[in-house]
Amino acid sequence: MAKIIAGMGTSHVPGVGAAMDNGKTDEAYWQPLFAGFQPLRDWHKDNVPDVNIIVFNDHATSYSLDNYSTFTIGVGEEFIPADEGWGPRKVPNLKGHPELAWHLVESLMADEFDMAVAGSLEVDHGCTVPLSIAYDQPDEWPTSVIPLCVNVIQHPLPTAMRCYKLGQAIGRAVASFPDDITVGIWGTGGLSHQLGGERAGVVNPEFDKTFLDNLTADPLANAKIPHTDFIRDAGCEGIEMIMWNVMRGALNDKVNEIYRFYHIPVSATAYGAIILENTD
Amino acid sequence: MTTRDYDDVPGTYVLDSRTYRRGYHLNMFLMTLNKAECREEFSQDEAGYLAKFKLSDEQKQAVLDREYLSLLHLGANVYYAFKLVSHDRKPPQVMYGQMSRPELSFEEFQKMMLSGGRPIEGNRYKDESNG
Ligand SMILES: [Fe+2]
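Since the model is a prediction, treat every value here as computed from it, not as a measurement.

1. Re the overall build of chain B
- If you tally the helices and strands in chain B, you get eight helices and zero strands.
- Listing every helix and strand of chain B by position from the N terminus yields α-α-α-α-α-α-α-α.
- Along the three orthogonal principal directions, the C-alpha set of chain B runs to about 45 × 40 × 20 Å.
- Within chain B, the proportion of its 131 residues that are buried is 50%.
- Summarising the internal contacts of chain B: among those between residues at least 6 apart in sequence, 45% fall at separations of at least 24.
- As displayed, chain B offers around 6,700 Å² of accessible surface, 50% of which is attributable to carbon and sulfur atoms.

2. Considerations on the coordination of the iron ion
Residues and elements named next belong to chain A.
- Binding of the iron ion to the protein goes through His-12 (NE2), His-59 (NE2) and Glu-240 (OE), at separations of 1.8 to 2.0 Å.
- Motif for the iron ion, donor spacing along one chain: H-x46-H-x180-E. With a gap of 228 residues between them, His-12 in the loop between β1 (3–10) and α1 (14–21) and Glu-240 in the loop between α8 (227–234) and α9 (242–249) connect regions that are remote in the sequence.
- The exposure class of His-12 is buried, given its relative accessible area of 3%.

3. Brief notes about the packing of helix α6 (residues 78–87) of chain B against helix α7 (residues 92–99) of chain B
Residue and element names in this part refer to chain B.
- It is the contact of α6 with α7, at a shortest axis distance of 9 Å, that shows an interaxial angle of 120°. Of the possible angle classes, the one that applies to α6 and α7 is oblique. Considering the relative orientation of α6 and α7, their crossing is right-handed. Across the interface between the two elements, Val-78, Ala-81, Phe-82 and Val-85 of α6 pack against Pro-92, Met-95, Tyr-96 and Met-99 of α7.
- Class assignment for the residues of the contact of α6 with α7 results in eight nonpolar, no polar and no charged.

4. As for the environment of Pro-138 of chain A
Residues and elements named next belong to chain A.
- You can see Pro-138 is positioned in the loop between α4 (125–135) and β8 (144–150).
- Since its relative accessible area comes to 24%, Pro-138 is described here as partly exposed.
- Residues Pro-138 and Val-91, 47 residues apart in the sequence, show an inter-C-alpha distance of 8.4 Å.

5. Let's talk about the domain arrangement of chain B
Residue and element names in this part refer to chain B.
- Taken domain by domain, chain B comprises domain 1 (14–84) and domain 2 (91–123).
- Computed over C-alpha atoms, the centres of domain 1 and domain 2 are 23 Å apart.
- Across the boundary between the two partners, domain 1 contributes eight residues, which contact six residues of domain 2.
- When domain 1 packs against domain 2, the two sides together hide about 620 Å² of surface, and 76% of this comes from carbon and sulfur.
- Ranking the residues of domain 1 by area buried against domain 2 places Tyr-68, Leu-69 and Phe-82 at the top, with a combined share of 70%.
- Our count for the contact surface shared by domain 1 and domain 2 stands at zero salt bridges.
- Of all the secondary structure elements, the ones that give two or more residues to the side of domain 1 that touches domain 2 are α5 (68–73) and α6.
- Classifying every residue of the side of domain 1 that touches domain 2 by side-chain character gives six nonpolar, no polar and two charged.

6. What to know about the interface of chain B and chain A
- Each side of the interface is counted separately: chain B has 52 residues, and chain A has 41 residues.
- Summing both partners gives a buried area of about 4,000 Å² for chain B against chain A, and 59% of it is carried by carbon and sulfur.
- The partner of Arg-232 of chain A in a salt bridge is Asp-8 of chain B, with the nearest N and O atoms 3.0 Å apart.
- Joining chain B to chain A, the criterion identifies 27 residue pairs in polar contact (both at pLDDT 80 or more).

7. A short note on α7 of chain B
Residue and element names in this part refer to chain B.
- Of all the eight residues making up α7, seven are buried; the element is thus mostly covered by neighbouring parts of the structure.
- Listed in full, the buried residues belonging to α7 are Pro-92, Gln-93, Met-95, Tyr-96, Gly-97, Gln-98 and Met-99.
- Contact partners of the buried residues in α7: α5, α6 and α8 (106–114).

8. Quick look at the pairing of strand β2 (residues 51–56) of chain A
All names here are of chain A.
- Here β2 lies mainly inside the structure; six of its six residues are buried.
- Here β2 shows two buried faces, one formed by Val-51, Ile-53 and Val-55 and the other by Asn-52, Ile-54 and Phe-56.
- Two strands pair when backbone bridges link them, and β2 and β8 are joined in this way by six bridges, in the parallel orientation. For Ile-54, the partnering residue across the bridge sits in β8 and is Pro-147.

9. A few points about the nonpolar core
- One finds Val-16, Ile-73, Leu-104 and Ile-170 of chain A together with Phe-29 of chain B to be the most contacted residues of the largest nonpolar core, which totals 138 residues.
- When residues of this core are sorted by domain, at least three fall in each of domain 1 (14–84) and domain 2 (91–123) of chain B.
- Not counting chain neighbours up to four residues away, the residues in contact with Val-16 of chain A comprise Trp-30, Leu-33, Phe-34, Phe-37, Val-129, Ile-133 and Val-266 of chain A.

10. Some points on α8 of chain B
- Within α8 of chain B the residues assigned to the buried category are Phe-109, Gln-110, Met-112 and Met-113 of chain B. The buried residues of α8 of chain B all sit within an arc of 160° when viewed along its axis, so they share a single face. With respect to the buried face of α8 of chain B, the exposed residues turned more than 90 degrees away are Glu-107, Lys-111 and Leu-114 of chain B.
- Those residues of α8 of chain B that are buried lie in contact with β10 (255–266) and β11 (269–278) of chain A together with α7 of chain B.
- Gly-116 of chain B lies just past α8 of chain B and shows a positive phi near 110°.

What counts, and where the lines are drawn
Residues numbered from 1 in each chain as written. Chains lettered and ligands numbered in written order. Predicted model: local features only at pLDDT ≥ 70, side-chain atom pairs only at ≥ 80, totals over all residues. Heavy atoms only, no water. Helix = DSSP H or I, 4+ residues; strand = E, 2+ residues; numbered from the N terminus. Buried < 20%, exposed > 50% of the residue type's maximum accessible area, 1.4 Å probe, protein only. Contact = heavy atoms within 4.5 Å. Areas by Shrake-Rupley, 256 points an atom, 1.4 Å probe, with all protein chains shown as cover. Donors = N, O, S within 2.8 Å, 3.2 Å for Na, K, Ca; no water. Axes fitted to C-alpha atoms, helices over the stretch in contact; angles between N-to-C directions. Parallel < 35°, antiparallel > 145°, perpendicular 65-115°, else oblique. Left-handed = near helix turned anticlockwise from the far one by under 90°. Nonpolar A, V, L, I, M, F, W, Y, C, P; charged D, E, K, R; others polar. Domains from an automatic or database assignment. Buried area = accessible area lost by both parts, 1.4 Å probe. Salt bridge = Lys/Arg side-chain N within 4 Å of Asp/Glu carboxyl O. Polar contact = N/O pair within 3.5 Å; in protein donor to acceptor, adjacent residues only side chain to side chain. Pairing = 2+ DSSP bridges. Core = buried A, V, L, I, M, F, W, Y, C linked by side-chain atoms within 4.5 Å. Arc of directions from axis to C-beta.

Structure (structure tokens):
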């Protein structure tokens, strides 16, 4: 039987990928961030699952106003880094895991989550930056990846509770996969930030801390946050945090918080990361 | 037009059905800048390239002038607008600072973020901010 070993939350700011791709990580601006990645990278080195399910959002890359789904699972054999306007990132292609991906689709549909299915998907920084944060710059990624896209841009968005419940359904789906494989699940995006408008640059460390505290101890509290509270208190783009609820929902009720890191700023964003190990 | 309960958040542009309809063609133009051949064509003749899309004169002018806050007012979403600043090979903080009120230079925006970011206090409701 397949088993979820842990969940990770991480922001997926494109600048982090660019700093790595352009060899800038030793610069004073980036140094504190990459120092904070080290314990996380050490943990990942010792805990490589067979597959990572990466919950992220597409940022007007593969999806746009002409066609946008709420929840999409990538079932392909391979996923390539997308050109987001400055040429594709020079990072390895992602190897898919079609067997588990299709099992997720079938199980989630039976569980009344109507998933969109993508056979080919060019993935943007939302998916590749978390891989770079966890695994640095390898010649190939050490795990297969199942990309799971959530619409967090084009309203109406799924509720924070819906995201949590999707996570719970993913947890059930993985537990019913017959092969003995290990699975990681990553919630990405956030934390508080706003990119557009007169209020660009707004962040809220207090909101973020409460969210991270509740992620470990009281995930239902995060699932009950209305969209407008995210927009008002965590910035328009802070609403990406609902994707962390998918990750948390897939874990057991009780988890061990292994590592937490918080840093302002990365570009216009409050960076956050957390690792939660599943208890038996 | 129907209102939303986030309409009283200052300086914030949510991509909802109202923005979607106002900005459809503008955002779909911006979306083409994901493709190298479209970026090339746009570089050669910006006005000529824009003429291929159903944009208003105001929208075209805001693109040509790189007026990012006007672009948001005219229906662009920030993730789509990002394509234009990337096309110009400028860091996004240039756009974030230009949209800020009061307006900030790249250096001023960086400085604000390095000193902890724009505070949420005073920026939650329109009637408590200047935004
Ligand atoms: Fe994002």
